Each structure stands twice: as C-alpha cells, then as structure tokens.
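# Descriptive analysis of the structure
Residue-level listing of the chains:
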Amino acid sequence: MDVERDTLHQLYYYLKLTRHLEERITSLYRQGKIVGGAWTSNGTEAISVGYSYALEKDDVTAPYFRDMGVFLVRGITPRRIVAQYLGRKTGVTGGKEGNVHIGDINFGCFGFPSHLADNYPVAAGAALAFKIRGEKRVAASSTGDGGTSRGDFHEALNFASVLKLPVVFFCNNNQYAYSTPLEKQMAIKDVAERSLAYAMPSEIVDGNDVVAVYKVSKEAYKKARAGEGPTFIECKTMRMHGHSEHDAAKYVPRELLEEWKKKDPILKMENYLLENNHASENELKDIDKRVHDVIEDAEEFAENSPYPDGKEAVEGLYATPIEKVKTL
Amino acid sequence: MKEITYVEAIHQALWEEMERDDSVFILGEDVGIYGGAFRVTEGMYEKFGELRVLDTPLSESGFTGAAIGASLVGMRPVVEMQFADFISCAFDQIVNVAAKNYYRWGGKTPIVIRAPYGGNIHGGAFHSQCPEGWFFHTPGLKLVAPAFPSDAKGLLKAAIRDDDPVIFFEHKFLYRRIKEEVPEDDYVIPIGEARIVQEGSDISVITYGAMVHTALEASKNLEESGISLEIVDLRTLMPLDKETVFDSVKKTNKVIVLYEATRSGGVGAEVAALISEEVFNYLDGPILRISAPDTPVPYSPPMEEYYLPQVEDVVEAAEKLAAY
C-alpha cells in the first residue's frame, strides 16, 4: 500500500502535536497548574495517531488513556484539551471530567472510563449497531497490555468474533501495567496470542512505526467494512515515562529505556520522510512551527478560560430530565 | 380493554416498541430462538430476525457494554438479564459506563436493562434477589419497578423512549399471578411518578413491586379492626417521587415502609430518612420498616416464608402504629 505524501505529512504533524502537547501538559503539571494528575503516551504516540488517522469520518473510536493522538486526529482541539486538564469550563467536558477522560460524540469519540478494557465491549456494541443497520462503518478501540487481562477484554473479543462485527481492537503493548512487567501479567509471549482463543485474526506491528500502524489499521478496517469481521492488532512499544507524571518509574531498567530511545517514533518518522524524499527539512520545520503555535495558543486559551460555577456540579445528570421530581 | 398478565404486558410493550421504532432491539441470553427463560420475548425472533432479537454468549458485562456502545450511535437496546441476580456480572458497565456517560462527557446512553427480580419462587440465593439497592446508590440511572400489568406496559415503553439508562425491575412472582385490564392503545406511564393504589386515612404504606399486593391484602385483613391503609406504589425508585409520598404522610401522619429487599441501606432506608428529614412535623409515630432481614435469600419454604415480609407482618405493624 502506497501512502500519499500529504497523509505522511499529516501523520508527522499529529505525532509531533501529540508529543509536544503532552510535554506541555507535563510542564504545566510540574508548575502545579494541572489540578489533578497527568498521563502521557510518551514514546507510544505512533499507535493512537496511526490507527485513528486510518479511520473514516463516520467511524467511531472508544479509546483509552494513552490515546491523545486519537482525540487530536478526530478533531478535538488542543485548546479544549488543555482547558480540560486545567478544569476549565471551556474544556472538552466543561469541568465535569479531567485530563485524558475525554469524550465527544460529535467527533465519534466515546468517553474513556478508567476501568481498562471497559471500552472494548462498548466498541463492539457500536459495531453491532452498524451491522444491524447495514452501515459500512467501523469501530476501533484500544487498551494497554494490562487491560488485556480483564474479563471485559475477553468478553468483547468473543462477542465480536461470534457476531463477526466490524470492529478493530488495538493493544498498546508498552510492556508495563503501571509497575508490573509483562512477564508478571501473562504467561504468553505475545498479547496477540489471546485472540487465538476467539478465532479472531491478529496482527503484530511495530508500535513505534506510525506508517506501519496506519497501514495495518487501514487493512483491518477494510476487512471489517467488507463484512469479514474483527481483527486484533498488537502494537509493540515502550512506555518512556512513568505510569503517570508523578511516577519516576524506577522499576524500569535504564538499559531498556536506552534501547527504546533509539527507536523513538518521531525520530523514526523523520528519518523515513527525509531518507525517502517524502519531505524536506524545510517542510518538517514548517510543521514543527505549526505545532508550536497551536500549543502556545492552546495554553493561553486554557489559562484565560473561566472555571465552571460550583453549582454546575449538580446539573446535567440526566439526558431526559424528570419534570415532576427534583432529584438533587 | 382486555385482561392480561404482567408478563404479557411486558411482552406487548416490547413487541409494540420494536414495531414502532427500528432502533429498538433486544439482546441477552436465550432471548432469541428460545424466547427467553420466562418466555417474555416469545415469537420475536421469528418476527424481527436474529439481529434484533440477539442471542448472546454468556457474558453479562460484554453484552451490557455492547448495548451501551450501540446506544451511543443511535440504537435503543433492551438488555435482558436472565435473572436480576446475574446483573452483578455487568455491574461495572452499568455503574461506571452507562450511569456516568451523560454526566461525564454528554454521551447519551438510552439503554433499558430488564431485570427479573424477587423471591417467593423458591429460587434460592442466586435466583431470588432484589438488587435495586445496589443501583439506587448510583446517580445517573433510572430505576423502575412496576407492580401491575398496566404500569409494567406503560413504564417499559417510557423506559425505552427515555434517553437515559433505565433498569426495569420486573417481579418474577407477579409474572403469571396477576391479571389486569390493560389499554390496547399506545400509552406511557411517566417515569418518576408514584401512584396511590388505595386511598386510606390512618397509615401510609410506602411500597413497590410484589409488596404492593401484600399491602393490599393486609388492608383487607385490617378492615375489621377499622384501620385504614393508604397504599403508595412508588413505581419509580429513582428518581423518587417525594411529593406523592409526602402528601400521603401529611394526610395520614403515620408511615410503614414495606419492601422485599434486605433491610439496611436501601430504598426503604432512604424513604424513611426523607420523611423524617422533610415532613417530621406531620408524624404522629415512628416510621416502621418491614423488609427482608440482612441475609441472603434462603431456599427451604419455611425459611423463605420467614425471610419474606408477609401479610401478617403488615397487619401487626399497622396495629402497633395505630396505637400512637
């Protein structure tokens, strides 16, 4: 599959945007400006950018918390994301939720529940709706390696496979579930082996190669759209920060980080673009400048945004309010 | 109007909503070819096809999560829990995903979970529970528990048309034991409205589900002693119709809260707390609770009978309260 030059540039833009937006969030966190915690996808950005960029506009995603690239690619603006982190009214959820607990149905992004793999069956359900209605849409969902040990992961794979649903499941295998390494999480070598039990086809891809992730996703969506059922895609990568920004991750051997530093997804993409004449140094610089400007603007917007009123906490519980009864 | 059973009323509501709106579909264990463990979905697989009356693998969390996902893209799924007891397997999807979607990020989640609940059928600890209390403590859900066929039909239609997640507690003991004339035309019973099923002057019995019928029987037994019960059927447990409850308390000044669930920390406790908090000055006596004890549901008939609130318990409590 040939990937168009423009697409390659967009993938690079979103990789950089994801990396630098999250770095800015980390810096705001260190300045004490973030009201709660901060989680990043540092080192694993190629996964969320690659699989979401391969989707069509009408498709939906049920992401997890190392999926900042999904939110950005789907069109949720950095302004709203930084404001979300700062607990402002202009944030994606108006202050009801914080940080990476983002969802906006207008962009086909389902909210992320902290309980990992909860979004797997939810994505399968959206795919079921598409199948019932005969629509050529697909659903994509992801979780970490840790989440693949939960029941919802297995129930979703089984459900989707039995019903041949147009859904693609991704695993951001970043080798640690918080502090617990893979070998203490599962007795198998590859997470993808889990899909064998459900007769679901799987792929293993270099999670640091955004073009590879994009291509393998595109193929899986094509199959799903054609009624050929779900695919499980394991993206092998390495989490380069702690579980969250408060966590120094001293449990990760330094050599492992050194080794993966050389495989950094942005470095990899830069080299690929330049070596194959898909982009010039100047083009990349222009993209970097755009990324920088967008982030500056987002931070300024968020910091100047108002907080919600405290009493908004008890508003908006129901989509269909009960007229007669004051519930709160 | 035709007389139909409680289970027929639920069947009718589902059938009519499926015909009215293509986005309504049913999923759960054995709901398709078999027609449901309680025959609620009988004939629907043949009529609406295998995708809209979907037999699922045995995975409550999986198919409840799937219902949530389908609802987020415009469907109105009706999930059948084979027994309400098995809803615990889907607890996380219900309380963390469905209940919080709209509040957290504006995700409309119009799902209905049908939960056949309650005892008196010799089902033991895992086929007899009243789990409404688990969900009563979860903001974002709506909980309904009809006691009559007409309410079951109208409330199920309202639940399906509502944009929020609704758990529909249908009492298994009532399925084929009560009949009532039910309107044949399309109607809904609004969620959030209690109903005075019997007017009375001396004591308000606040109740719901199968216990409404226990209260009605107790009321007959009390005629001789001249104690008049006003019976308030909550119908919706969340959000609770405080107004109707308080109006009744203001009228009778005495209250019994009657419920089949275990005693502590549930709907009954909340009703008692609300009354003492907001209409305390109208009370002429203590608020009495009649409930199941705080144990699992026992199997052997004498034990289950001892466990479940009985007509005599209501009579005894009413006589005690009347003395105030």
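No experiment lies behind these values; they were computed from the predicted model shown. (Residues numbered from 1 in each chain as written. Chains lettered and ligands numbered in written order. Predicted model: local features only at pLDDT ≥ 70, side-chain atom pairs only at ≥ 80, totals over all residues.)

In terms of helices and strands, chain B carries 11 helices and 14 strands. Here the C-alpha atoms of chain B give a radius of gyration of 19 Å, agreeing with the 20 Å that 2.2 N^0.38 yields for 324 residues. If one aligns the C-alpha atoms of chain B with their principal axes, the spans along those axes are about 60 × 40 × 40 Å. Per-residue burial over chain B gives 60% buried out of 324 residues. A fraction of 80% describes how many contacts in chain B between residues 6 or more apart in sequence connect residues 24 or more apart. (Helix = DSSP H or I, 4+ residues; strand = E, 2+ residues; numbered from the N terminus. Rg over C-alpha atoms; globule rule 2.2 N^0.38 Å. Buried ≥ 20, exposed ≤ 12 C-beta atoms within 10 Å, placed from the backbone. Contact = placed C-beta atoms within 7 Å.)

The helix and strand inventory of chain A stands at 11 helices and seven strands. Relative to its length of 328 residues, chain A is compact, with a C-alpha radius of gyration of 20 Å against a globular reference of 20 Å. In chain A, buried positions account for 52% of the 328 residues. Taking the intrachain contacts of chain A between residues at least 6 apart in sequence as the baseline, contacts between residues at least 24 apart amount to 76%.

Another aspect to go through is the packing of helix α3 (residues 60-72) of chain B against helix α4 (residues 91-105) of chain B. Residue and element names in this part refer to chain B. Running from N to C, α3 and α4 point in directions that differ by 20 degrees, and their axes come no closer than 8 Å. As judged from the angle between their axes, α3 and α4 are roughly parallel. The crossing of α3 and α4 is right-handed. For the pair α3 and α4, the contacting residues are S61, T64, G65 and I68 in the first and D92, Q93, I94, V97 and A98 in the second. Residues of the contact of α3 with α4, tallied by class, amount to four nonpolar, four polar and one charged. (Axes fitted to C-alpha atoms, helices over the stretch in contact; angles between N-to-C directions. Parallel < 35°, antiparallel > 145°, perpendicular 65-115°, else oblique. Left-handed = near helix turned anticlockwise from the far one by under 90°. Nonpolar A, V, L, I, M, F, W, Y, C, P; charged D, E, K, R; others polar.)

Before going further, it helps to examine the interface of chain B and chain A. Across the contact, 43 residues belong to chain B and 40 residues belong to chain A. When residues of the side of chain B that touches chain A are traced back to their parent elements, those giving at least two are α3 and α4 of chain B. In terms of residue count, α3 of chain B provides more of the side of chain B that touches chain A than any other element does, 10 residues in total. Here the residues of the side of chain B that touches chain A are counted per class, giving 19 nonpolar, 14 polar and 10 charged.

This part takes up the pairing of strand β7 (residues 231-236) of chain A. Residue and element names in this part refer to chain A. The element β7 is extensively covered by neighbouring structure, given that six of its six residues are classed as buried. Bridge count for strand β3 (residues 167-173) against β7 is six bridges, and the pairing is parallel. By the bridge assignment, F170 is partnered in β7 with I233. For strand β6 (residues 202-206) and β7, the ladder comprises five bridges, and the chain directions are parallel. The residue of β7 that forms the bridge with V205 is C235. (Pairing = 2+ DSSP bridges.)

All names here are of chain B. Strands sit in the order β9-β11-β10-β13-β14 across an open sheet of five strands; the sheet is mixed. Edge positions in the sheet fall to β9 (195-198) and β14 (288-292), since each has one partner strand and no second. On average, adjacent strands in this sheet sit at an angle of 25 degrees to one another, irrespective of strand direction. Note that strand β10 (residues 203-207) and strand β11 (residues 229-233) share five bridges and pair parallel. Across the sheet, the residue bridging to T207 is D233, located in β11. Where helix α7 (residues 211-221) meets the sheet, it contacts β9, β10, β11 and β13 (255-262), and its direction lies at approximately 170 degrees from that of β11.

Okay, the UniProt feature "domain: Transketolase-like pyrimidine-binding" (unreviewed entry) in chain B next. Residues annotated by UniProt as "domain: Transketolase-like pyrimidine-binding" (unreviewed entry) correspond here to residues 4-177 of chain B. As annotated, residues 4-177 of chain B comprises 38% helix and 17% strand, and the C-alpha atoms at either end are separated by 10 Å. (UniProt positions renumbered as here; feature names shortened; annotations may be inferred.)

The next point concerns the sheet that holds strand β2 (residues 139-144) of chain A. Residues and elements named next belong to chain A. Here five strands make up an open sheet; going across it, the order is β1-β2-β3-β7-β6 and the pairing parallel. Of all strands in the sheet, those bounded by a partner on one side alone are β1 (60-62) and β6. When strand polarity is set aside, the average angle formed by the axes of neighbouring strands in this sheet is 20 degrees. Two strands pair when backbone bridges link them, and β1 and β2 are joined in this way by three bridges, in the parallel orientation. Each bridged residue has a counterpart across the sheet, and for T61 the counterpart in β2 is A140. Relative to the sheet, helix α2 (residues 45-53) contacts β1, β2, β3 and β7, its axis offset from that of β3 by approximately 165 degrees. Running at roughly 175 degrees to β7, helix α8 (residues 210-225) makes contact with β3, β6 and β7 of the sheet.

On to the nonpolar core. In terms of nonpolar packing, the biggest core is built from 205 residues, with A124, A126, A127 and V167 of chain A together with I256 of chain B touching the most fellow members. Discounting residues that sit within four places of it in the chain, A124 of chain A has contacts with A156, F159, A160, L165 and V167 of chain A together with A66 and G69 of chain B. (Core = buried A, V, L, I, M, F, W, Y, C linked by C-beta atoms within 7 Å.)

Another point: the environment of R263 of chain B. Residue and element names in this part refer to chain B. With respect to the helices and strands, the residue R263 is situated in the loop between β13 and α9 (267-278). When the C-alpha atoms of R263 and D85 are compared, they prove to be 17 Å apart, with 178 residues separating the residues in sequence. Ignoring sequence-local partners within four residues, the contact set of R263 consists of R289, S291, A292, P293 and D294.

Glancing now at α4 of chain B. Because the α-helix completes a turn every 3.6 residues, residues three or four places apart line up on one side. Across its 15 residues, α4 of chain B extends 20 Å between first and last C-alpha, which sits within 8% of the 21 Å expected from 1.5 Å per residue. The largest bend along α4 of chain B reaches roughly 30 degrees and is located at A99 of chain B. The element α4 of chain B is extensively covered by neighbouring structure, given that 11 of its 15 residues are classed as buried. Every buried residue of α4 of chain B is listed here: Q93, I94, V97, A98, A99, K100, N101, Y102, Y103, R104 and W105 of chain B. On its buried side, α4 of chain B packs onto α5 (119-133) of chain A together with α3, β5 (112-117) and α5 (132-136) of chain B. (Expected span 1.5 Å × (residues − 1). Bend = angle between axes of the 7 residues up to and from the residue.)

So, about unusual backbone geometry. Looking along the chain, the bond that leaves M238 of chain B and enters P239 of chain B is cis, with omega of 0 degrees. With respect to the helices, strands and loops of the structure, P239 of chain B is situated in the loop between β12 (236-238) and α8 (242-252). Of note, the phi angle at A249 of chain A is positive, near 55 degrees, even though the residue is not glycine. Mapping A249 of chain A onto the fold places it in the loop between β7 and α9 (254-261). With a phi angle near 55 degrees, N277 of chain A is a residue other than glycine that sits in the positive phi range.

Attention now goes to the domain arrangement of chain B. Residue and element names in this part refer to chain B. Domain annotation of chain B identifies domain 1 (2-182) and domain 2 (195-322). Centre-to-centre separation of domain 1 and domain 2, based on C-alpha positions: 26 Å. With 26 residues of domain 1 in contact, the opposing surface of domain 2 contributes 22 residues. If you list the elements that add at least two residues to the side of domain 1 that touches domain 2, you get α5, β6 (142-144), α6 (149-161) and β7 (166-171). For the side of domain 1 that touches domain 2, a count of residues per class yields 14 nonpolar, nine polar and three charged. (Domains from an automatic or database assignment.)

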